[in-house]
Amino acid sequence: MIYEKLRTVQTADELLDQAFRRAVRSAMSGSGRVVNIQRAMIQATSDVLSDRLLRIVHDFPNFDELSPFYSELTDIIVGTDRLRMSLSSVHWAGDMVRSLARESLQKAKHDDPVRVRKAYYARISSIVHEVDGNLRFLNDARNKLRKLPDISDVPTIVVAGYPNVGKSSFVRRVTGAKPEIATYPFTTKGIYIGHFTHDGLRYQVVDTPGLLDRPLGDRNEIELQAITALNHVGDVVLLLIDPSEHCGYPLTAQTSMLHEIEKTLTIPVIVAANKCDLADFHGEWEYRISAETGDGVDDVMQRLIEVIDSRSRDLPQQTSEL
Ligand SMILES: Nc1nc2c(ncn2[C@@H]2O[C@H](COP(=O)(O)OP(=O)(O)OP(=O)(O)O)[C@@H](O)[C@H]2O)c(=O)[nH]1
Ligand SMILES: [Mg+2]
């Protein structure tokens, strides 16, 4: 996963502390004239600090080259603009540390070297402290982004619907007993990602708990963006309805959500009515299924696979987009 290798971003004080300690060590190991010792300290501080600062910038990926999935989620979770701004501030600080060191190294040849070195320390302390807010923001972003699920580049069915309609039961039934669990920005709950194979091809099924628990009209911008991100996560959405209303949500609420979702998403939405084994199940549905007994599950899976296959024939660029 693209954010997996991001290292902890240290605070201004931690970075300075490390650099100054390294400088002291280099001063103690060197011998000779005061000017040489002071210049070695400036050099060591600059090396450690600029190296650390620029490494932070290089650790983050190029946001223009992210897949639509990760780029959309990055924007939702931390905000790409803020991220870019913080990275360029840190880059600026790294450059300043270096160029001030060059100046100070020259100056130390003529002026009082101890004073020059102290002045250098003061300048870079204030520069690094100036970007401390950005460093903290980047570390926070790093912690959030690392939790993004590793969505692999295989055809993907997204299972959505109101809480308790049977999404997880469905995912477990079609993908077997061992789902991977990932944290998702959409929800505080863990999400299941399962896989199955059909005609020798691997498919992925993604559960979306907590995503659709109230009308889209009540959503703020960020939540709506999380829902439209599904367009990049999946090739097709299976929207589960629970006409028995055992899930605790009236059928009218569920169907109006269905219409909103169909309008909001650009990928195909297939609807299946779950819990057909229950006596309270009612209504005419193209796909009547039971995640519990397995009734009708094969039919709807057949349809989902057909939709994915026809999309990958019509839109070859879509399958390689992730
Ligand atoms: N009778 C019956 N019960 C079902 C069926 N599918 C799911 N259930 C039950 O409905 C309840 C909710 O099922 P889940 O699979 O956890 O529902 P979910 O949509 O994943 O719920 P959230 O993760 O909370 O959004 C559980 O008690 C399931 O056993 C079904 O086809 N028939
Ligand atoms: Mg669930």
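Since the model is a prediction, treat every value here as computed from it, not as a measurement.

Chemist: Tell me about the overall build of the protein chain, residues and numbers included.
Modeler: When its secondary structure is counted, the protein chain shows twelve helices and six strands. Relative to a compact globule of 322 residues, whose C-alpha radius of gyration would be 20 Å, the protein chain shows 28 Å and is clearly more extended. With the C-alpha coordinates aligned to their principal axes, the bounding extent of the protein chain is approximately 90 × 40 × 35 Å. Counting only residues that meet the buried cut, the protein chain has 36% of its 322 residues in that class. Considering only contacts within the protein chain whose residues lie at least 6 apart along the sequence, 70% involve residues at least 24 apart.

Chemist: Tell me about the environment of A160, residues and numbers included.
Modeler: Relative to the assigned elements, A160 resides in strand β1 (residues 156-160). Under the C-beta neighbour-count criterion, A160 is labelled buried, with 24 such atoms within 10 Å. Through-space distance from the C-alpha of A160 to that of L212 is 7.2 Å; in sequence the pair is 52 residues apart.

Chemist: Which residues make up the environment of R55, and what values go with them?
Modeler: You can see R55 is positioned in helix α2 (residues 34-59). Take R55: there are 13 C-beta atoms within 10 Å of it, and that puts it in the partly exposed class. In this structure, the C-alpha to C-alpha distance between R55 and G94, residues 39 residues apart in sequence, is 9.3 Å.

Chemist: Account for the site of ligand 1, naming residues and giving values.
Modeler: Not every one of the 15 residues close to ligand 1 is listed here, only the nearest: G166, K167, S168, S169 and E292. For the shell around ligand 1, the class distribution of residues is five nonpolar, six polar and four charged.

Chemist: I'd love a proper account of the packing of helix α4 (residues 80-110) against helix α5 (residues 113-130), names of residues and values included.
Modeler: At a minimum axis distance of 10 Å, the contact between α4 and α5 shows a crossing angle of 170°. Comparing their axes, α5 and α4 come out roughly antiparallel. Contact residues: α4 offers A93, M96, V97, L100, A101, S104, K107 and A108, while α5 offers P113, V116, R117, Y120, R123, I124, I127 and V128. By residue class, the composition of the contact of α4 with α5 is twelve nonpolar, one polar and three charged.

Chemist: Pulling in residues and values, what's your account of the nonpolar core?
Modeler: In terms of nonpolar packing, the biggest core is built from 77 residues, with V159 and L238 touching the most fellow members. Apart from residues lying up to four places away in sequence, V159 is in contact with K167, F170, V171, V205, V206, D207, T208, L238 and L240.

Chemist: Could you give an account of the packing of helix α1 (residues 12-29) against α2, naming the residues involved and the relevant values?
Modeler: Where α1 contacts α2, the axes come no closer than 8 Å and their chain directions differ by 145°. Here the hand of the crossing between α1 and α2 comes out right-handed. Along its contact with α1, which presents L15, Q18, A19, F20, R22, A23, S26 and A27, the element α2 presents I37, A40, M41, A44, T45, V48, L49 and R52. Here the residues of the contact of α1 with α2 are counted per class, giving eleven nonpolar, three polar and two charged.

Chemist: Describe the domain arrangement of the protein chain, and please don't skip the residues or the numbers.
Modeler: Along its sequence, the protein chain is carved into domain 1 (12-145) and domain 2 (156-319). A straight line from the C-alpha centre of domain 1 to that of domain 2 covers 47 Å. With six residues of domain 1 at the contact, the number on the domain 2 side is seven residues. Residue composition of the side of domain 1 that touches domain 2, grouped by class: five nonpolar, no polar and one charged.

Chemist: Quick one: what's the story with the confidence of the model for the protein chain, residue by residue and with numbers?
Modeler: The predicted model of the protein chain has a mean per-residue pLDDT of 88, with 90% of residues at 70 or higher. A low-confidence stretch, residues 316-322 (pLDDT under 50), is modelled with ten contacts involving residues beyond four sequence positions or located in other chains.

Chemist: Residue-level account of the environment of S26, with values.
Modeler: Turning to its location among the elements, S26 is positioned in helix α1. Here the alpha-carbon distance between S26 and M41, two residues 15 residues apart in the chain, equals 6.5 Å. Beyond its immediate sequence surroundings of up to four residues, S26 is in contact with A40, M41 and A44.

Chemist: Mind laying out the pairing of strand β5 (residues 236-241), listing which residues take part and the relevant values?
Modeler: The side chains of a regular strand alternate between both faces of the sheet. Burial within β5 is extensive, with six of its six residues counted as buried. The alternating pattern of β5 places V236, L238 and L240 on one face and V237, L239 and I241 on the opposite face, and all of these are buried. Across five bridges, β5 lies against strand β6 (residues 269-273) in parallel orientation. Bridge assignment links L240 to a residue of β6, and that residue is A272. Taken together, β5, helix α10 (residues 251-264) and β6 constitute a β-α-β crossover, and its handedness is right-handed.

Chemist: Tell me about unusual backbone geometry, residues and numbers included.
Modeler: Located in the positive-phi region is D199, a residue other than glycine, with phi close to 50°. Mapped onto the elements, D199 comes out in the loop between β3 (187-198) and β4 (201-207). With 6 C-beta atoms counted inside 10 Å, the residue D199 sits in the exposed group. Located in the positive-phi region is K275, a residue other than glycine, with phi close to 70°. With respect to the helices, strands and loops of the structure, K275 is situated in the loop between β6 and α11 (297-314).

Parameters and conventions
- Residues numbered from 1 in each chain as written.
- Chains lettered and ligands numbered in written order.
- Predicted model: local features only at pLDDT ≥ 70, side-chain atom pairs only at ≥ 80, totals over all residues.
- Helix = DSSP H or I, 4+ residues; strand = E, 2+ residues; numbered from the N terminus.
- Rg over C-alpha atoms; globule rule 2.2 N^0.38 Å.
- Buried ≥ 20, exposed ≤ 12 C-beta atoms within 10 Å, placed from the backbone.
- Contact = placed C-beta atoms within 7 Å.
- Near = placed C-beta within 6 Å.
- Nonpolar A, V, L, I, M, F, W, Y, C, P; charged D, E, K, R; others polar.
- Axes fitted to C-alpha atoms, helices over the stretch in contact; angles between N-to-C directions.
- Parallel < 35°, antiparallel > 145°, perpendicular 65-115°, else oblique.
- Core = buried A, V, L, I, M, F, W, Y, C linked by C-beta atoms within 7 Å.
- Left-handed = near helix turned anticlockwise from the far one by under 90°.
- Domains from an automatic or database assignment.
- pLDDT = per-residue confidence, 0-100.
- Pairing = 2+ DSSP bridges.
- Right-handed = clockwise from strand over helix to strand, strands pointing away.

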